[in-house]
Amino acid sequence: MLARQGLAPHTRRTGVEEIADAGLGLHAARLPSPFATVAARAADQSIPLELFDPAVRSRLVTVRCMRKTLHTLPLDLAAAAHAATLHFRERDALRAIVNVGHSHAAITAATAAVVELLGESGPLFHRTIEARLGAAGIPVMVTRLALKLAWERGTLAYLNQAAGWNREVRVFALTASAYPTLDTMLDPHTAVEFLMAAYLDRYGPISIRDATWWSALSRTAVAEALERSGVKLVRLFTPWSDSPLYMSAQRFAEFTVADDADYVSGVNLLAHEDVALKAYFETRRRYLGDLAQEAAFNQIGEVMPTIAVDGRVVGTWTWDPSTKRVRHRLIPGLLPAARRPEVRAAAARHTAVLRSGLYRAPDPRIAQGQLSL
């Protein structure tokens, strides 16, 4: 599975969209994660910079979906993830409106005003939207609730226009304008079926508990979706869990004839909340082995930036903003001394890639015409 995603020296990927598709999205709850996720899988260090290319951005959309967290996905996967998870995200947005005592009529009117404004002006910062609607007599809180509900429903899209992974320039746009081919009205049952078939394909073998945790969908919804998908399943038992695991018969057949090279993914520095690790819950022993959860997960259940060697967690890494370099920490006793130079080399490569994607503010002297050549 890691090799298919590009997490092996001989299978590095050549484009951001290909990486996002192979991994079923880039986890985007923290600013560095999409860039670092791509960097771990890219064939060369220029590829993550595609995340700042407007043409590439037009074919990837960031939506709040699985487990109510942000993911950056190709449009077909985004449509499925959006529709499959809309019911509980919309429920939360509607509950917030009720809790503060605003009427649905006020939210509907504010939403219409937002749509009209963005249709005339194009993408805007939320503060700008609040100010302009405020001038028309719409309270700021009403505008914020309207923005939230419209985004959850897919009427609005969130765009980060920053030219660096360490900065956010968040604007809202009409989804129909920013992503005219994105289907925000996909049938929910079709969406769940599509999403779960994609998850099974990318991450199988998985347990049903893995699938319900990853998607935040019910056990019934997951089981019925897999049955409707028509994918022929293979049932497996592994050391990772007492529960049966499932994968497609096609992927199992590939596994049985895989070359030795397919089992050697080498050293990978995986991002905060990297999808390769976040895809599982019940069967995390596949990459943790006998390690405690705390070796890779923080106190609120987020997977930390980790170092994996041939699919096993052996340490963690952090970005040091003061020195602009990757610092790593290996768990004692897990990695033979002969392989530690590989980790140092991987950390150096990762440092170079992350440095290349940093936002750098323009020199004010250049902006003011004060620097002579």
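Residues numbered from 1 in each chain as written. Predicted model: local features only at pLDDT ≥ 70, side-chain atom pairs only at ≥ 80, totals over all residues. Heavy atoms only, no water.

With an unreviewed UniProt entry as reference, the chain is termed Winged helix DNA-binding domain-containing protein, source organism Nonomuraea recticatena.

*Asks:* In this structure, what is going on with the pattern of salt bridges? I would like to understand it.
*Replies:* Two side chains bearing opposite charge may form a pair once their charged atoms approach each other closely. Per the stated rule, a full pass over the model turns up 24 salt bridges. A salt bridge links Glu 17 to Arg 59; the nearest nitrogen and oxygen atoms lie 2.8 Å apart. With Glu 17 in helix α2 (residues 16-22) and Arg 59 in the loop between α4 (54-57) and β2 (60-64), this pair connects stretches of sequence that are 42 residues apart. Taking relative accessible area as the criterion, Glu 17 reaches 27% and is therefore assigned partly exposed. For Arg 41, the salt bridge goes to Asp 274, with nearest N and O atoms at 2.7 Å. Placement of the pair is Arg 41 in helix α3 (residues 32-41) and Asp 274 in the loop between β8 (267-270) and α14 (275-278), with a sequence separation of 233 residues. With relative accessibility at 1%, the residue Arg 41 sits in the buried group. Residue Asp 274 is classed as buried on the basis of its relative accessible area of 0%. In this structure, a network of salt bridges that share partners links the residues Asp 21, Asp 201, Arg 202, Arg 251 and Glu 254. (Salt bridge = Lys/Arg side-chain N within 4 Å of Asp/Glu carboxyl O. Helix = DSSP H or I, 4+ residues; strand = E, 2+ residues; numbered from the N terminus. Buried < 20%, exposed > 50% of the residue type's maximum accessible area, 1.4 Å probe, protein only.)

*Asks:* I keep staring at the packing of helix α10 (residues 188-203) against helix α11 (residues 208-215) and nothing clicks. Help me out?
*Replies:* A pair of packed helices is characterised by two quantities: the angle between their axes and the separation of those axes. Direction vectors running N to C along α10 and α11 enclose 120°, while the axes themselves pass 11 Å from each other. Of the possible angle classes, the one that applies to α10 and α11 is oblique. Crossing angle aside, the handedness with which α10 passes α11 is right-handed. Contact with α10, carried on its side by Leu 195, Met 196 and Tyr 199, involves Asp 210, Ala 211, Trp 214 and Ser 215 of α11 and no other residues of that element. Among the residues making up the contact of α10 with α11, the classes are represented as five nonpolar, one polar and one charged. (Axes fitted to C-alpha atoms, helices over the stretch in contact; angles between N-to-C directions. Parallel < 35°, antiparallel > 145°, perpendicular 65-115°, else oblique. Left-handed = near helix turned anticlockwise from the far one by under 90°. Contact = heavy atoms within 4.5 Å. Nonpolar A, V, L, I, M, F, W, Y, C, P; charged D, E, K, R; others polar.)

*Asks:* What am I meant to see in a positive patch on the surface here?
*Replies:* Judged by side-chain charge, Lys 324, Arg 325, Arg 355 and Arg 360 come together as a positively charged surface patch. Summarising the element assignment, Arg 325 is placed in strand β11 (residues 325-330). Look at Arg 325 and you get partly exposed, because its relative accessible area is 40%. (Patch = residues over 30% accessible without salt bridge, like charges linked within 9 Å, V, L, I, M, F, W, Y side chains within 5 Å. Areas by Shrake-Rupley, 256 points an atom, 1.4 Å probe, with all protein chains shown as cover. Lys, Arg positive; Asp, Glu negative; His and termini not counted. Charge placed at Lys NZ, Arg CZ, Asp CG, Glu CD.)

*Asks:* What am I meant to see in unusual backbone geometry here?
*Replies:* Glycine aside, residues mostly have negative phi angles, and peptide bonds mostly take the trans form. Pro 205 follows Gly 204 through a cis peptide bond whose omega is 10°. Backbone geometry places Leu 24, a non-glycine residue, at a positive phi of 60°. Take Leu 24: it is sitting in the loop between α2 and β1 (26-27). In this model, Asp 310 sits at a positive phi of 50°, which is unusual for a non-glycine residue. Within the secondary structure layout, Asp 310 lies in the loop between β9 (306-309) and β10 (312-320). According to the relative accessible area criterion, Asp 310 is partly exposed, its value standing at 28%.

*Asks:* Any chance you could explain the pairing of strand β5 (residues 170-174) here in plain terms?
*Replies:* Walk down a regular strand and you will see the side chains alternate between the two sheet faces. The buried count for β5 comes to four of five residues, which makes it a mostly enclosed element. Sheet topology note: the strand β4 (residues 156-160)/β5 ladder contains five bridges and is antiparallel. Counted as the bridge partner of Asn 160 is Arg 170 from β5. (Pairing = 2+ DSSP bridges.)

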